[in-house]
Amino acid sequence: MEDGSPYYVPIAPTVVSNTPIRWDNPTPTHHTVTHSGCVEDEDSCLFDSGAVSPGSSFSVPGLPVGRYTYHCRIHPIMRGQLIVTDSPSTPSQL
Ligand SMILES: [Cu+2]
């Protein structure tokens, strides 16, 4: 996370499925990491950090293959994307 655009750095990282993912918050303000599904449809909510305080971090144990958009509940302008693939060398076309 960063104070300025694009806020979530890198903006669209690619990670391997079922590998733990961590977001660090080095900024002086609280942020959240909220999967878009948590706002659009409760049933498709895969991760929602709640407020992550300055200097702390948020982790998920791993996600299935897919493309996940997420945002900060506190700052709606903060948006990011996460791409989860089977293999880091062969990104799947989604
Ligand atoms: Cu924020």
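Residues numbered from 1 in each chain as written. Predicted model: local features only at pLDDT ≥ 70, side-chain atom pairs only at ≥ 80, totals over all residues. Heavy atoms only, no water.

**Some details on a negative patch on the surface**
Alright, step 1. Together, Glu 40, Asp 41, Glu 42 and Asp 43 line one region of the surface with negative charge.
Alright, step 2. Within the element layout of this structure, Asp 41 appears in the loop between helix 1 (37-40) and strand 4 (57-60).
Alright, step 3. For Asp 41, a relative accessible area of 36% corresponds to the partly exposed category. (Patch = residues over 30% accessible without salt bridge, like charges linked within 9 Å, V, L, I, M, F, W, Y side chains within 5 Å. Areas by Shrake-Rupley, 256 points an atom, 1.4 Å probe, with all protein chains shown as cover. Salt bridge = Lys/Arg side-chain N within 4 Å of Asp/Glu carboxyl O. Lys, Arg positive; Asp, Glu negative; His and termini not counted. Charge placed at Lys NZ, Arg CZ, Asp CG, Glu CD. Helix = DSSP H or I, 4+ residues; strand = E, 2+ residues; numbered from the N terminus. Buried < 20%, exposed > 50% of the residue type's maximum accessible area, 1.4 Å probe, protein only.)

**Things to note about the pairing of strand 5 (residues 66-71)**
Alright, step 1. The pairing of strand 3 (residues 34-35) with strand 5 spans 2 bridges and is antiparallel. In the sheet register, His 35 faces strand 5, and the bridge partner there is Tyr 70.
Alright, step 2. Pairing analysis gives 6 bridges linking strand 5 to strand 6 (residues 79-85), with the strands arranged antiparallel. Across the sheet, residue Arg 67 finds its bridge partner in strand 6, namely Ile 83. (Pairing = 2+ DSSP bridges.)

**Describing the coordination of the copper ion**
Alright, step 1. For the copper ion, the full set of protein donor atoms is His 31 (ND1), Cys 72 (SG), His 75 (ND1) and Met 78 (SD), and the range of their distances to it is 1.9 to 2.5 Å.
Alright, step 2. Here the copper ion is ringed by 4 donor atoms whose angles at the metal span 91 to 133°, and the overall shape comes out tetrahedral.
Alright, step 3. Written as a sequence motif, the donor arrangement for the copper ion is H-x40-C-x2-H-x2-M.
Alright, step 4. What makes Cys 72 buried here is its relative accessible area of 0%. (Donors = N, O, S within 2.8 Å, 3.2 Å for Na, K, Ca; no water. Tetrahedral: all angles 85-135°; square planar, octahedral: opposite > 155°, others 65-115°.)

**A short note on the sheet that holds strand 3**
Alright, step 1. Strands sit in the order 1-6-5-3 across an open sheet of 4 strands; the sheet is mixed. Among the strands making up the open sheet, the edge pair consists of strand 1 (14-16) and strand 3.

**Some words on the confidence of the model for the protein**
Alright, step 1. Confidence along the protein averages 90 in pLDDT terms, with 93% of residues attaining 70 or more.
Alright, step 2. By mean pLDDT, the top-scoring element of the protein is strand 3 (97), and the lowest-scoring one is helix 1 (89). (pLDDT = per-residue confidence, 0-100.)

**So, the pattern of salt bridges**
Alright, step 1. What the rule picks out here adds up to 2 salt bridges.
Alright, step 2. Here Asp 24 makes a salt bridge to Arg 22, at a shortest N to O gap of 2.7 Å.
Alright, step 3. For Arg 22, a relative accessible area of 55% corresponds to the exposed category.
Alright, step 4. The closest approach of N and O atoms between Arg 73 and Asp 48, which form a salt bridge, is 2.6 Å. Taken together, the residues Arg 73 in the loop between strand 5 and strand 6 and Asp 48 in the loop between helix 1 and strand 4 connect sequence positions 25 residues apart.
Alright, step 5. Among the residues examined, Asp 48 registers a relative accessible area of 31% and is labelled partly exposed.

**Regarding the layout of surface pockets**
Alright, step 1. By volume, the largest pocket is sized at about 150 Å³.
Alright, step 2. Lining the largest pocket are Met 1, Tyr 8, Val 9, Pro 10, Pro 13, Val 15, Ile 21, Arg 22, Trp 23, Asp 24, Tyr 70 and Leu 82.
Alright, step 3. Looking at the lining of the largest pocket residue by residue, the classes come out as 10 nonpolar, no polar and 2 charged. (1 Å grid on protein atoms, 1.4 Å probe; cavity = no way out; pocket = protein on both sides within 12 Å on 5 of 7 lines; lining within 4 Å. Points joined across faces, edges and corners; volume = space filled by probe spheres on them. Nonpolar A, V, L, I, M, F, W, Y, C, P; charged D, E, K, R; others polar.)

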